[in-house]
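# Summary of structural features
As a plain string of letters, each chain reads:
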Amino acid sequence: MNNNSKNMIALRAGITLLMLVFLTASQCRAGKDPEILKIFDKYGNKQGVTMLEISDDLMKNYHVRIFKSIIFEDGRKALTDIRKAIDIDKVNAKKIKESKQDGLLISGYYRLKTENDNLNRYLIFKIGKNNRTTLVYIEGELTPEELVELLK
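Strand pairing in a sheet relies on backbone hydrogen bonds, with the paired strands running either antiparallel or parallel. Strands sit in the order β1-β2-β6-β5-β4-β3 across an open sheet of six strands; the sheet is antiparallel. Looking at the sheet topology across the chains shown, the edges are occupied by β1 (49-54) and β3 (95-101). Between one strand and the next, the sheet's axes are offset by a mean angle of 5°, whatever the strand orientation. In the sheet, β3 pairs with strand β4 (residues 104-112) via seven bridges, with the strands oriented antiparallel. Looking at β4, one finds that E98 is bridged to G108.

Pasting the structure below:
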């Protein structure tokens, strides 16, 4: 094998390694945002849905960076997507409280794991009467106790 062949093999190996590094880095970044945020993007403007997003300026006194809620008058069409997103997000949750009916999730409270000890992410889900479905996502420095006070 001559030097040109060795150089080509080394170049291809280097390019392949570089591509793997970029792919891994982009996947890691994509994984940082909770899956549930896709529900707000997908369904927030649909008919029969009310979405509320409060700016961090209004919520800073409560140590909240992100506050989003979405209410589906009849959430049956979105429930499969919601439950899948919750299943993904709860894998490494710090705290989980769930209620199920006939094996299906009907309400849940989750404190999601974060890489920053000062940042907390909360996810609250409930199906009420007539399939009225509520989903709330809160992110900030507020403690679980502060969350309880905020929601009173």
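Moving on: the pairing of β4. For β4, the buried fraction is high: seven of the nine residues fall into the buried class. Once β3 ends, the chain turns through two residues before running back antiparallel as β4, passing D102 with a positive phi of about 55°. Of the pairings in the sheet, the one linking β4 to strand β5 (residues 120-127) comprises six bridges and is antiparallel in character. What sits directly across from S107, in β5, is K126.

This part takes up the side chain of S69. By the element assignment, S69 lies in strand β2 (residues 64-72). Among all residues touching S69, those that are not within four sequence positions of it are F40, T50, M51, L52, L135 and V136.

Looking at the secondary structure, you find I127 in strand β5. Judged by relative accessible area, I127 falls into the buried class, the value being 16%. A C-alpha to C-alpha distance of 9.7 Å links I127 and I71, two positions 56 residues apart in sequence. Sequence-distant contacts of I127, that is, excluding residues within four places in its chain, are made with L79, R83, L105, I106, R132 and T133.

A word on unusual backbone geometry. A positive phi is found at N130, a non-glycine position, where the angle reads about 55°. Of note, N130 is situated in the loop between β5 and β6 (133-140). In this structure N130 comes out as exposed when scored by relative accessible area, which is 69%. Its identity is not glycine, yet N131 carries a phi of approximately 65°, on the positive side. Looking at where N131 falls in the secondary structure, it is placed in the loop between β5 and β6. The exposure class assigned to N131 is partly exposed, which follows from its relative accessible area of 25%.

To continue, consider the nonpolar core. One finds I36, I39, F72, I82, I86, F125 and L135 to be the most contacted residues of the largest nonpolar core, which totals 22 residues. Secondary-structure elements contributing two or more residues to this core are α2 (37-43), β2, α4 (79-89), β4, β5 and β6. Filtering out sequence-adjacent residues up to four positions away, I82 remains in contact with I36, I39, F72, F125, T133 and L135.

Calculation notes
Position labels on residues start from 1 in each chain and follow its written sequence. Owing to the predicted nature of the model, reporting of local features is limited to residues with pLDDT of at least 70; listing and counting of side-chain atom pairs is limited to 80 or more, with chain, interface and lining totals taken over all residues. No hydrogens and no water enter the side-chain calculation; it runs on all heavy atoms of the structure. By this definition, two strands are paired if DSSP reports at least two bridges between them. Helical segments are the DSSP runs of H or I of at least four residues, strand segments are the runs of E of at least two, and each set is numbered from the N terminus. Between N-to-C directions, angles span 0 to 180 degrees; the directions come from axes that are lines fitted to C-alpha atoms, helices contributing only their stretch in contact. We call a residue buried when its accessible area falls under 20% of the maximum for its residue type, exposed when it is over 50%, and partly exposed in between, using a 1.4 Å probe and counting protein chains only. Throughout, a residue-residue contact means that at least one pair of heavy atoms, one from each residue, lies within 4.5 Å. Only buried residues count toward a nonpolar core. Its members are Ala, Val, Leu, Ile, Met, Phe, Trp, Tyr and Cys residues joined through side-chain atoms within 4.5 Å.

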